[in-house]
Amino acid sequence: MNGKWKFYNLNNIVVVTIFFMAIFLRIHYFDTELELFNDENVYFNAGANLVEYGTLTNDRDGAINRGEKIAEPSSSIQPGYPLFIALIYKIFGDNQEIVRLANILISMLSLLFVYKIAKLVDLRYPYIIIVLMLATLYPGFNFNTAKILSEHLFTLLLLGHIYYFVSYLKNEKVKNLIFSTIIISFAIFVRAHGFPLLVMSILFLFIYQRKDIKKFLNKVILVISIFILVQLPWWIRNYSQFEKFILFSDAGDNPKVWGSLPYFIGIFEVDNQTLTELLNSSTRIDSILFYKWRIFGFFQYMWADVWDEYLVHPFQGLRPFLMIHLVIIVPTVILLPIIILRCKKEILFLSTIPLLFTIMNLPYHGLPRYVWPSLAIVFVLFGYLMQFINDKRNKSRELINNLETDHNNKIDLLFRRTYFIFSLVFSLILFYSVYSFSFSIEKEMSDFRLKKYANIDVEDVENMNKNFIEKYDLGSSNVTIENVEEINQKNKFKNIVNDPTLIRVNNIPIVENNIISKIEIKSKGGYIYDYMTVYWKTNTDLDFSESKVYRFPTNLFENEQTILVEGDVSDLMIVPVNFRGGTFTFNEIIISKYGENI
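What counts and how
Residues numbered from 1 in each chain as written. Predicted model: local features only at pLDDT ≥ 70, side-chain atom pairs only at ≥ 80, totals over all residues. Heavy atoms only, no water. Axes fitted to C-alpha atoms, helices over the stretch in contact; angles between N-to-C directions. Helix = DSSP H or I, 4+ residues; strand = E, 2+ residues; numbered from the N terminus. Parallel < 35°, antiparallel > 145°, perpendicular 65-115°, else oblique. Left-handed = near helix turned anticlockwise from the far one by under 90°. Contact = heavy atoms within 4.5 Å. Pairing = 2+ DSSP bridges. Salt bridge = Lys/Arg side-chain N within 4 Å of Asp/Glu carboxyl O. Buried < 20%, exposed > 50% of the residue type's maximum accessible area, 1.4 Å probe, protein only.

Draft legend 1. A look at the packing of helix 2 (residues 39-53) against helix 3 (residues 80-92). At their nearest, the axes of helix 2 and helix 3 sit 8 Å apart, and the two run at 55° to each other. By the criterion of interaxial angle, the relationship of helix 2 to helix 3 is oblique. For the crossing formed where helix 2 meets helix 3, the hand is right-handed. In contact with Tyr-43, Phe-44, Ala-46, Gly-47, Ala-48, Leu-50 and Val-51 of helix 2, helix 3 contributes Tyr-81, Pro-82, Leu-83, Ile-85, Ala-86, Tyr-89 and Lys-90.

Here is the structure:
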């Protein structure tokens, strides 16, 4: 493995074959018809405005790009990705498709770094092959190549930093430390999430080079100097434009607002409230529910699903590989504590990556997209775990080569023990959040919503007067089901790929003095990990809206879902399963309405 690279070596032939497979999948699932959405508009317009006006703007609605507003400089976004887009526009013209196609090249270069990192940490070829196959087939690396978002470029730079820094940990060549620092400094231009990685790198320098204090200080000064030199033009620009020092970007509290509202209930009613006011309001409603959301809800939103901007996973060919996420990725992170105390420092550094990406996003709200850049390293860690467990089971002599043998470094021992405790707590939270809490979220949503809008506990609803109860099934005149293919079994359907399945219940009788409505949905199916979305209208609503909706995880084995909402429900629109092309059964919906307490 350490000799010259020879194509005719069987292992190398397999590696090249996997790379061709990866290219095919990235191209095959590349969607050229996607419309720009949300943050994509910000990056696309920022890149175009850089070319046109020479200044970085935050132009979400495109008014500056269309010439409807004056171009004003902004400090609310990082400049790296808009500069990347602007460079492409300068070379190829104003062409979205070139930017999207660049993501395929970026994805393949990222896969190359995964291969190089796996070799660097001494994975043997069978485990390298497994790592590469997982990174090739994982749907999360194929679904979003056409999205104009900064995660793709950031991930490539992140992996470049990791490769060169791990190389430095291994051979202490200064050039590797210089390369790693330059790369992570540019990665911070793309997303500020790179900064904790720089801090972690300095911490590892302290742990493993502090014996020679002069050498350590020289390396730290070198790292900080490079970081300052790379960031200096951005700081000067911000100070000259806004007359204040801005370290990264000045997005304010807006990104944190979503995290202050459990399950995003009331997100469209924020108006001009401050973050502190929103946090105080949420904790006053129910502090226990709020902190369950901030811990278990956050971990669930971050880790329980594949990053897929479609949110429906429509590609049938990749459907079986969705299981990689819940069967390999999440368990790998959960099992990290078993290696932390003895693994080599290079693996120890890798193990911090997925945890760092989780913790650094805690002030905000969890999305699979935010932890996505760390998943390539999780696959390398999975390969290492398999090799470690196999060597230990077989009492292999090679196990010794993969363990840290310097037992005299007390700082290293202290760090590992502290980190072990932290990672153990992290793993327990992650396990509970993904495999248990996920499937009670609709109850948490109902409880918080009733307390917020009706000042009623879910437990107290059954003690209220039941004014109305009615069952609705496909035989009911006011029940319709859309966008499905009926299967020759009772009440069993397949949802079509192009549009979401909709179950509608219209003209539900209005009950005088009704306070609470309970909706029991008897439906089963979808993918092993799926979602249900429920919109409702009350007698005061003209149409469905995003202010009255629950979206929560379900699984293949659940037979029914129960939600409670305030007010008198008059109409329902339900997406029973979000994964397109799946099968499900629908039996009935039971609606109960409750009035004043007995």
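Draft legend 2. The arrangement of the sheet that holds strand 2 (residues 479-482) in detail. Read across the sheet, 5 strands follow the order 2-5-10-7-8 without closing on themselves; strand pairing throughout is antiparallel. Taken across any chain shown, the strands that pair with only one partner, and hence form the sheet edges, are strand 2 and strand 8 (549-555). Sheet twist, expressed as the average angle between the axes of neighbouring strands with direction ignored, equals 20°. Against the sheet, helix 20 (residues 441-453) contacts strand 7 (529-538) and strand 8, and its axis sits at roughly 155° relative to strand 8.

Draft legend 3. Examining the pattern of salt bridges more closely. Tallying each qualifying case throughout the model produces 25 salt bridges. The partner of Glu-444 in a salt bridge is Lys-292, with the nearest N and O atoms 2.7 Å apart. In this pair, Glu-444 is assigned in helix 20 and Lys-292 in helix 12 (residues 287-303), connecting sequence segments 152 residues apart. Glu-444 sits in the buried class, given a relative accessible area of 10%. The closest approach of N and O atoms between Glu-482 and Arg-504, which form a salt bridge, is 2.7 Å. Of this pair, Glu-482 sits in strand 2 while Arg-504 sits in strand 5 (residues 502-505), placing them 22 residues apart in sequence. It is possible to trace a salt-bridge network through shared partners that takes in Asp-39, Arg-60, Glu-151, Arg-191 and Arg-369.

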